[in-house]
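So you can see what is in the structure, the chains are spelled out below.
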Amino acid sequence: MAGGRNFISSYPMSPSTAVLTFLARHGRDLGVIAEQAEDEIAAMNMAIGAWYTGARAMVTTSGGGFALMTEGLSLAGMLESPMVVHLAQRPGPATGLPTRTEQADLELALYAGHGEFPRIILAPGNLTQAYACTRLAFDLADRFQIPVFVLTDQYLVDTYYNVEPFEIPKTGPLRYIVKSTADYRRYTQTEDGISPRAIPGWGDGLVVLDSDEHDEQGHITEDLDLRVQMVQKRLHKKLPEIQAAALSPTLIGPKSYKDLILCWGSTLEVVKEAVTLLTRKDLALLHFHQVYPLHADTAAYLKKARRVILLEGNATGQLGKVIQLATGISIERKILRFNGLPLSVEDVALKLKEHLT
Amino acid sequence: MNTNTFDMGRIDIAWCPGCGNFQIRKAVMAALTELDLDPRQVVLVSGIGQAAKIPHYIRAHVFNGLHGRALPAATAIKATNPRLTVIAVSGDGDIYGEGGNHFIHTIRRNPDITNVVHNNMVYGLTKGQASPTSQRGFKTSVQVAGVFLEPFNPLAVAIALDGGFVARTFSGDVDRTKEILKQAIQYRGYALIDIFQPASHSIKSIHSSGSRTTPIISTPPTTRPTVKPPLPRP
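Residues numbered from 1 in each chain as written. Chains lettered and ligands numbered in written order. Predicted model: local features only at pLDDT ≥ 70, side-chain atom pairs only at ≥ 80, totals over all residues.

Engineer: Is there a simple way to think about the pairing of strand β11 (residues 259-264) of chain A in this case?
Structural biologist: Regular strands place side chains that alternate from one sheet face to the opposite one. Residue and element names in this part refer to chain A. Burial within β11 is extensive, with six of its six residues counted as buried. Here β11 shows two buried faces, one formed by Asp 259, Ile 261 and Cys 263 and the other by Leu 260, Leu 262 and Trp 264. Sheet analysis places β11 next to strand β12 (residues 283-288), joined by six bridges and oriented parallel. Pairing of Cys 263 across the sheet is with His 287, part of β12. Since β11 and β12 lie parallel, the crossover through helix α9 (residues 268-278) that links them has a hand, and here it is right-handed. With four bridges connecting them, β11 and strand β14 (residues 307-312) associate as parallel partners. Within the sheet, the bridge partner assigned to Ile 261 lies in β14 and is Ile 309. (Buried ≥ 20, exposed ≤ 12 C-beta atoms within 10 Å, placed from the backbone. Helix = DSSP H or I, 4+ residues; strand = E, 2+ residues; numbered from the N terminus. Pairing = 2+ DSSP bridges. Right-handed = clockwise from strand over helix to strand, strands pointing away.)

Engineer: Mind showing me how you'd approach the interface of chain B and chain A here?
Structural biologist: Quoted interface sizes are often the accessible area lost when the parts come together. Contacts between the two partners involve 28 residues from chain B, matched on the other side by 34 residues from chain A. Elements that contribute at least two residues to the side of chain B that touches chain A include exactly β2 (61-64), α2 (70-80) and α4 (100-109) of chain B. Class assignment of the residues belonging to the side of chain B that touches chain A gives a composition of 13 nonpolar, 11 polar and four charged. Bridging between strand β9 (residues 208-210) of chain A and β2 of chain B involves three bridges; their strand directions are parallel. Each residue of the ladder has a partner; that of Asp 210 of chain A, found in β2 of chain B, is Asn 64 of chain B. (Contact = placed C-beta atoms within 7 Å. Nonpolar A, V, L, I, M, F, W, Y, C, P; charged D, E, K, R; others polar.)

Engineer: Mind showing me how you'd approach the packing of helix α2 (residues 40-52) of chain A against α2 of chain B here?
Structural biologist: When two helices pack together, their arrangement is captured by the angle between the axes and the distance separating the axes. Look at α2 of chain A against α2 of chain B: their axes get within 7 Å of each other, and the N-to-C directions meet at 40°. Classified by the angle between their axes, α2 of chain A and α2 of chain B sit oblique to one another. Considering only the axes of α2 of chain A and α2 of chain B, their crossing is right-handed. Residues Ala 42, Asn 45, Met 46, Ala 47, Ile 48, Gly 49, Ala 50 and Tyr 52 of chain A of α2 of chain A form the contact with α2 of chain B, whose own contacting residues are Pro 72, Ala 73, Ala 74, Thr 75, Ala 76, Ile 77 and Thr 80 of chain B. Grouping the amino acids of the contact of α2 of chain A with α2 of chain B by side-chain chemistry returns 11 nonpolar, four polar and no charged. (Axes fitted to C-alpha atoms, helices over the stretch in contact; angles between N-to-C directions. Parallel < 35°, antiparallel > 145°, perpendicular 65-115°, else oblique. Left-handed = near helix turned anticlockwise from the far one by under 90°.)

Engineer: Got a minute to help me understand the sheet that holds strand β15 (residues 333-336) of chain A in this structure?
Structural biologist: Strand pairing in a sheet takes place through backbone hydrogen bonds and is either antiparallel or parallel in direction. Residues and elements named next belong to chain A. Reading across from one edge, β10-β12-β11-β14-β15 is the order of the five strands in this open sheet, with mixed pairing throughout. With partners counted over all chains shown, the strands left at the sheet margins are β10 (250-252) and β15, one partner each. This sheet shows a mean twist of 20° between the axes of neighbouring strands, independent of strand direction. Direction of pairing for β14 relative to β15: parallel, over a ladder of four bridges. Bridge pairing in β15 places Ile 309 opposite Arg 333. Of the strands in this sheet, β10, β11, β12 and β14 touch α9, which is tilted by about 175° from β12. The strands touched by helix α11 (residues 318-327) are β11, β12, β14 and β15; relative to β14, the strand with the most contacts, the crossing angle is about 130°.

Encoded structure:
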């Protein structure tokens, strides 16, 4: 809510549904439109329609539901519509283990949607980060006019514990909407690729969006030079700023580490405790709460270490692959867990010991 | 017929000469003009297809989204800013085929939007395959032995779901189409207007294939609109 969200449309799917039910229950008091769509395809297209008209919209779903949303995700990419996707992971493929946990949809979020367009993927490690990341997701989505993911999993969304009160901002979220003038063009070329976004009904201009390739006005075009300019605008020109806004991974433990364990998302607290249990002065933990694009310092953290161990809740080491893409560094030591259960501190400590001896 | 406010002047239009889409465009612009609406308060939402290009040829806000997905976007646009006049306009393949599930549930949801469907009983943009409303026996490049499915009846479906405003017109009768459009736009709730229209490119394919569907194009169906009176809403 601190992110200014006022619209959610989704189709129930474990373990993501609590977000929809909470907002439906409190929608009237909080000024949120909450709609259960007929399917995830409708949910995504409704959310894009809501952003178009000036709402701050999100969808909440899990793997199979998100698979249906990918068509609409690509639409958001083409329209340069902001979008916030809460993707609560559970083990797949297909129906998988509906009430269990896994971290296997990072690559799905990363590559979902036909065509090429930028995106950001956040992966909070605990409830406090979940609050901060969701708030940030709305700001990033609105600022860059791109889809932003909040990637959680069954373990994180079903976790309850006491937290310090969240820091509620004194001022409302920054809004990036402009009042249109009569000569308004939705896709005006700019240096950073971000065109001022107006909404229908505010100002004298017309707001024209098209899923086809379009001109600055927003109308359909087959001008192939313009096509190249538009790809550069919505993709290449935005990337430097998106990269600069990337969150740095959190280093926990001695700065002069020799061994480094990497993890992302919901495994933070368990791995942190396991590392503490080992009481080694040369072991540190590097946790990623933004998994795409990776912060520019990532390579430097890895190069400093004698041994790097990657811990993930999936079968192939998906963050490892993202890291290799970004830095060229291949991580050989992996602790991968994909039996549907959350990690246990003892188990992680034991596995770490095996790798470190 | 005054269409000035919504007319974009001299523009390039990608439809085939003689296509019924031109008449539908004229009727829509005239209806909006006669209702004294300002282009700045009108949003045209469409999907993909020949019909779905229409928002590019009318001066208003445009949300030209994905094939089959006009209705969810239109619903959310209206919900987010109820002061806007929202018209979802697309073809039979788009609304009844790819978007069939959205069609059913939008009637149930009953948002205050107008849904104009250009029903030419054929896929125009992809060159002549059968649509959900194609008649039995219609031969195409895919339905080589002729369509053998029962055509989808959108009006029966809408009425069965208690749709409050359900109409059918013929694109050739621009005046009556315009009048029905005006009623539909003023109706508070979901209004369906299914407009029979000839697709000029498919006439050729129908003639050359000797299909039994020729009468649909050459003899327009009844132009008497089937309008169900609005139901009182709670």
